[in-house]
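A structural walkthrough
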Amino acid sequence: MSKNSLKVPFVDLKTQYQDLRSELEPRLKKTIEDCHFILGESVNSFEKEFADYCGTEYAVSTSSGTAALFLALSSLGIGKGDEVITAANTFIATVLAIHYTGARPVLVDVEENTYNLDINKVKKAINKKTRAIVPVHLYGQPVDMQPLLKLAKRYRLKIVEDACQAHGAEYKGRKTGTFGDVSAFSFYPGKNLGAYGDGGMVVTNSARIKDKMLMLRDYGQKRKYQHLIKGFNARLDTIQAEILRVKLSHLDRWNESRRLSAKKYNFLLNNLDGYVITPSQIPEVKHVWHLYVIRTKKRDVLQRYLKENGIFTGIHYPIPIHLQPAFSDLGYKKGEFPVTEKVAGEILSLPMYPELRDEQIEYVVKKIEGCL
Ligand SMILES: Cc1ncc(COP(=O)(O)O)c(C=O)c1O
């Protein structure tokens, strides 16, 4: 294929499936032949393996990352009359999960260099009603957890990490998900660890939270037809657990490959200093590059140009939560979160996946150079 006619998808799940096919297909066949579709040994094993991977005592799987966040907050007893602080620049699911509990989501602006929660602004948002903070490890980069944990301790607030984009990321040598009272992951197909459908997980070191989560995700029952609380149907499909068990064994290798691609993008885009802002990393983190997000004032022109040249990109996220009609009831106004609003018009997520080849990265950067 000539360099002029390369196609670069935003993610490439088909190539990954071809690589994993021989591992996956016997497991899928067995699960279907055994007719084991809900919970059971595969789900239990995956939960144990995921908890071991993160370094927590327990993991409880759920039907999605949104369900994981919502049930995690519910397991802490958060509800009506409470306030929960999170980042203004996040996927809407973070804020929806807080809303589902009955608590009020309180948004806080992000830092201009990392796009993650600005901890100095978190402090100003704390009041008597605040019960918890939900740091979002956006794009795969951990939030600066040390000052945040200090703040949470001082004001006796719970921490629920939204690690939906940060499977395997580390902060000061510890995996994301291990800092919160309870933390949530998503296995949406395009995530660093993605199912073939929806899925999620919470991890925790608390046996009490684990027991509550097991009930909350399964109609509030501990034993069949004995409903101790009003729970939900929010279980991970058995077939997804089998897929995720296979994929978990490849996660570290895939994350390493993403890190190499990010390094190559950083190196090549360096020449465009002044036109393109490359992502910055805080010290002592192991970023897992769920997304590789650049910034440029010519974002929309660039995105169109790249598409015309067979390169597919994304925007995470084009309209901040506080400007979405769905959350107009929170009463926020335009201008309230200036960093979030500014970056929303400039950010562009370039193709990023473990199978991304060097020649594809070179082609993307060549085309960026050609446009700017
Ligand atoms: C930051 C963040 N939070 C929450 C979610 C919700 O996860 P899910 O799509 O599995 O419900 C996602 C992913 O979509 C996400 O990126």
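Residues numbered from 1 in each chain as written. Predicted model: local features only at pLDDT ≥ 70, side-chain atom pairs only at ≥ 80, totals over all residues. Heavy atoms only, no water.

1. Here we look at the packing of helix 3 (residues 65–75) against helix 7 (residues 207–216)
In contact at an axis separation of 9 Å, helix 3 and helix 7 are set at 125 degrees when each is read in the N-to-C sense. Here helix 7 runs oblique to helix 3, going by the angle between their axes. Considering the relative orientation of helix 3 and helix 7, their crossing is right-handed. Along its contact with helix 3, which presents Leu71, Ala72, Ser74 and Ser75, the element helix 7 presents Arg208, Ile209, Lys212, Met213 and Leu216. Split by residue class, the contact of helix 3 with helix 7 holds 5 nonpolar, 2 polar and 2 charged. (Axes fitted to C-alpha atoms, helices over the stretch in contact; angles between N-to-C directions. Helix = DSSP H or I, 4+ residues; strand = E, 2+ residues; numbered from the N terminus. Parallel < 35°, antiparallel > 145°, perpendicular 65-115°, else oblique. Left-handed = near helix turned anticlockwise from the far one by under 90°. Contact = heavy atoms within 4.5 Å. Nonpolar A, V, L, I, M, F, W, Y, C, P; charged D, E, K, R; others polar.)

2. Topic: the sheet that holds strand 7 (residues 174–175)
The strand order 7-6-12 describes an open sheet built from 3 strands, whose pairing is antiparallel. Looking at the sheet topology across the chains shown, the edges are occupied by strand 7 and strand 12 (285–286). Two strands pair when backbone bridges link them, and strand 6 (residues 170–171) and strand 7 are joined in this way by 2 bridges, in the antiparallel orientation. Bridging from a neighbouring strand, Glu170 pairs with Lys175 of strand 7. (Pairing = 2+ DSSP bridges.)

3. A few points about the pattern of salt bridges
Taken as a whole and judged by the stated rule, the model has 22 salt bridges. Ionic pairing is found between Lys342 and Glu112, a salt bridge with its closest N-O pair at 2.7 Å. On the criterion of sequence distance, the pair formed by Lys342 in helix 11 (residues 338–344) and Glu112 in the loop between strand 3 (104–108) and helix 5 (119–125) is long-range, its members being 230 residues apart. With a closest N to O distance of 2.7 Å, Arg299 and Asp300 form a salt bridge. Look at the salt bridges and you will find they share partners, linking Glu112, Arg295, Lys297, Lys342 and Glu346 into a network. (Salt bridge = Lys/Arg side-chain N within 4 Å of Asp/Glu carboxyl O.)

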